[in-house]
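# Residue-level structural notes
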Amino acid sequence: TEAVGLYNLGQTCCLNSLLQVFFMNIRFTRILRRITVPPSPAQRRSNVPYQMLLLLEKMQCGKCKAVCPTDLAYCLSEHRVKLFVQYDAAQLFLTLWNLLKKQMKEPELVEELNDLYMIHIQEHLACQKCSFEIKSNSTMLTLPLPVLDANSYRLKTLEHSLQYFFLPEELTGQNMCFCQQCGRKAPFLQSMKLVHLPQTLTLHLKRFCFERSSRTHKLSHPLPFPQELDFREVLTENQCQADDSEKATWQYELFAVVAHSGSTSCGHYCAYIRSLTECKWYCFNDSHVCQVSWDDVKCTYGRSNLNWRETAYLLFYMKKHPQ
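Taking an unreviewed UniProt entry as the reference, the protein chain is identified by name as UBP18 hydrolase belonging to Tychaedon coryphoeus.

## Re the confidence of the model for the protein chain
With 96% of its residues at a pLDDT of 70 or more, the protein chain shows a mean pLDDT of 92. Of all secondary-structure elements in the protein chain, the lowest mean pLDDT belongs to strand 11 (residues 208-210), at 78, while strand 10 (residues 200-205) reaches the highest, 98.

## Considerations on the pattern of salt bridges
This model, assessed by the stated rule, comprises seven salt bridges. Across the salt bridge formed by Glu 112 and Arg 34, the nearest N and O atoms sit 2.8 Å from each other. On the criterion of sequence distance, the pair formed by Glu 112 in helix 7 (residues 107-117) and Arg 34 in the loop between helix 2 (26-32) and helix 3 (41-45) is long-range, its members being 78 residues apart. The residue Glu 228 makes a salt bridge to Lys 320 at a minimum N-O spacing of 3.4 Å. Remark: Lys 320 occurs in the segment after strand 18 (311-319) and Glu 228 occurs in strand 13 (residues 228-230); sequence separation between them is 92 residues. Residue Lys 320 is classed as partly exposed on the basis of its relative accessible area of 28%.

## Description of the packing of aromatic side chains
Summed over all chains, the structure comprises 14 aromatic pairs. Here a set of aromatic residues connected by ring pairs shows up, and it is made of Phe 22, Phe 28, Phe 93, Trp 97, Tyr 117 and Phe 316.

## Describing the sheet that holds strand 6 (residues 169-171)
One open sheet holds the four strands; their spatial order is 4-3-9-6, and the pairing between them is antiparallel. The open sheet terminates on both sides in strands that have one partner only, identified here as strand 4 (133-140) and strand 6. Taking the axes of each pair of neighbouring strands and ignoring which way they run, one obtains an average angle of 25° across the sheet. Examined bridge by bridge, strand 6 and strand 9 (residues 188-196) share three bridges and lie antiparallel to one another.

## Quick look at helix 4 (residues 48-61)
For helix 4, which comprises 14 residues, the first-to-last C-alpha distance of 20 Å matches the rise-based estimate of 20 Å (1.5 Å per residue) to within 8%. Buried within helix 4 we find Val 48, Pro 49, Tyr 50, Gln 51, Met 52, Leu 53, Leu 55, Leu 56 and Met 59. Where helix 4 begins, the side chain of Asn 47 points an oxygen toward the backbone nitrogen of Tyr 50, at a separation of 2.8 Å.

## A short note on the pairing of strand 3 (residues 119-127)
Summarising the sheet, strand 3 and strand 4 pair through eight bridges and their orientation is antiparallel. Pairing of His 124 across the sheet is with Lys 135, part of strand 4. Linkage of strand 3 to strand 4, two consecutive antiparallel strands, is achieved through a turn of five residues. With eight bridges connecting them, strand 3 and strand 9 associate as antiparallel partners. Considered in strand 9, the bridge of Leu 125 is made with Gln 190.

## Topic: helix 1 (residues 13-23)
Buried residues dominate helix 1, accounting for eleven of its eleven residues. Along helix 1, the positions that sit buried rather than exposed are Cys 13, Cys 14, Leu 15, Asn 16, Ser 17, Leu 18, Leu 19, Gln 20, Val 21, Phe 22 and Phe 23.

## Comments concerning the packing of helix 1 against helix 6 (residues 89-103)
Running from amino to carboxyl end, helix 1 crosses helix 6 at an angle of 55°, the nearest separation of the two axes being 10 Å. Comparing their axes, helix 6 and helix 1 come out oblique. Note on packing geometry: the crossing formed by helix 1 with helix 6 is right-handed. Contact with helix 1, carried on its side by Cys 14, Leu 15, Leu 18 and Phe 22, involves Ala 89, Leu 92, Phe 93, Leu 96 and Leu 100 of helix 6 and no other residues of that element.

## Comments concerning the pairing of strand 18
The side chains of a regular strand alternate between both faces of the sheet. Counting buried positions along strand 18 gives nine out of nine residues, so the element sits mostly inside the fold. Bridge analysis of strand 10 against strand 18 gives five bridges, and the strand direction is antiparallel. Within the sheet, the bridge partner assigned to Thr 202 lies in strand 18 and is Phe 316.

## Here's the deal with the environment of Asn 285
Note that Asn 285 resides in strand 16 (residues 281-285). Those residues in contact with Asn 285 that sit more than four places away from it in its chain are His 268, Tyr 269 and Cys 270.

## Some remarks on the state of the cysteines
One pass over the full model with this rule turns up zero disulfides. With no disulfide partner, Cys 14 has as its closest neighbouring cysteine sulfur the one in Cys 13, 6.4 Å distant. According to the relative accessible area criterion, Cys 14 is buried, its value standing at 3%. The cysteine Cys 270 is free of any disulfide, with Cys 283 supplying the nearest cysteine sulfur at 4.3 Å.

## Looking at unusual backbone geometry
In this structure, Arg 80 takes a positive phi of about 65° despite not being glycine. On the secondary structure map, Arg 80 appears in the loop between helix 5 (70-77) and helix 6. A relative accessible area of 80% places Arg 80 in the exposed class. Non-glycine residue Ser 152 carries a positive phi angle of around 65°. In this fold, Ser 152 is placed in the loop between strand 5 (143-145) and helix 8 (158-165).

Rules of the game
Residues numbered from 1 in each chain as written. Predicted model: local features only at pLDDT ≥ 70, side-chain atom pairs only at ≥ 80, totals over all residues. Heavy atoms only, no water. pLDDT = per-residue confidence, 0-100. Helix = DSSP H or I, 4+ residues; strand = E, 2+ residues; numbered from the N terminus. Salt bridge = Lys/Arg side-chain N within 4 Å of Asp/Glu carboxyl O. Buried < 20%, exposed > 50% of the residue type's maximum accessible area, 1.4 Å probe, protein only. Phe/Tyr/Trp six-rings, centres within 6.5 Å; stacked < 30°, edge-to-face > 60°. Pairing = 2+ DSSP bridges. Axes fitted to C-alpha atoms, helices over the stretch in contact; angles between N-to-C directions. Expected span 1.5 Å × (residues − 1). Polar contact = N/O pair within 3.5 Å; in protein donor to acceptor, adjacent residues only side chain to side chain. Parallel < 35°, antiparallel > 145°, perpendicular 65-115°, else oblique. Left-handed = near helix turned anticlockwise from the far one by under 90°. Contact = heavy atoms within 4.5 Å. Disulfide = S-S within 2.5 Å.

Next comes the structure, spelled out in structure tokens:
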């Protein structure tokens, strides 16, 4: 079956959760199965895509309820991903992504990987004194969404968080920029416009924030997220830089949730994933895997003053009608 766990080798719950999200994504495994096998044993031992493929085959072909990701873990350690340390899921997701792209030798597979995960944004900087404007295009692996506004008020839903992320920001005072047309510093309006969304959209809820004491604090207040998400209903026309055919694909269904429990200094990760073949939700908690309900997934919305409870940290949405 698809529901096979991964043993915890010692603080590898974060890695295990992210691997399960990768492996349960059929579009990702289709890419992974087409990689070129490295020629030498040494190259195979240090190749992250190949070791991920071996682990996937071990999970799908074996009869065990859980398998050990030992070879992949030691492969990652050769690329400065330390073992037996606590990781931030968003940072480790980016690290795994970069290693996958770097070690995939086939340009067409790298392009497919980009199409599967990369978000395209256009950044605007407009002088408020004249007509001078700077536009630049960039890509992002995740959308880092705030859970508090600029006045530290709680954002109430995921839709509010998305709307706040794309709100224009005035750069005044010490934040003013030099205007080439005015010849001096001037207030600017900074904004971002959505150009393209990938097949698998990753949203990062910024629940860990730094306090003045330089300590990291976890924000556990409720932030509901929907099973279905249509960006055409969330963002305004001014926040999009895309044609109608592109926007027509901006309808998503929730695919996975990577949840964090505990405090910033001592925590645990698990993953709630909807099987794309069975349309059932599973909880992947290291070696333990069980079927769960949508009500169980909703428990990761968060609860005030209960940092130890499971709280959604990464959300993965899948396009309902991909091109």
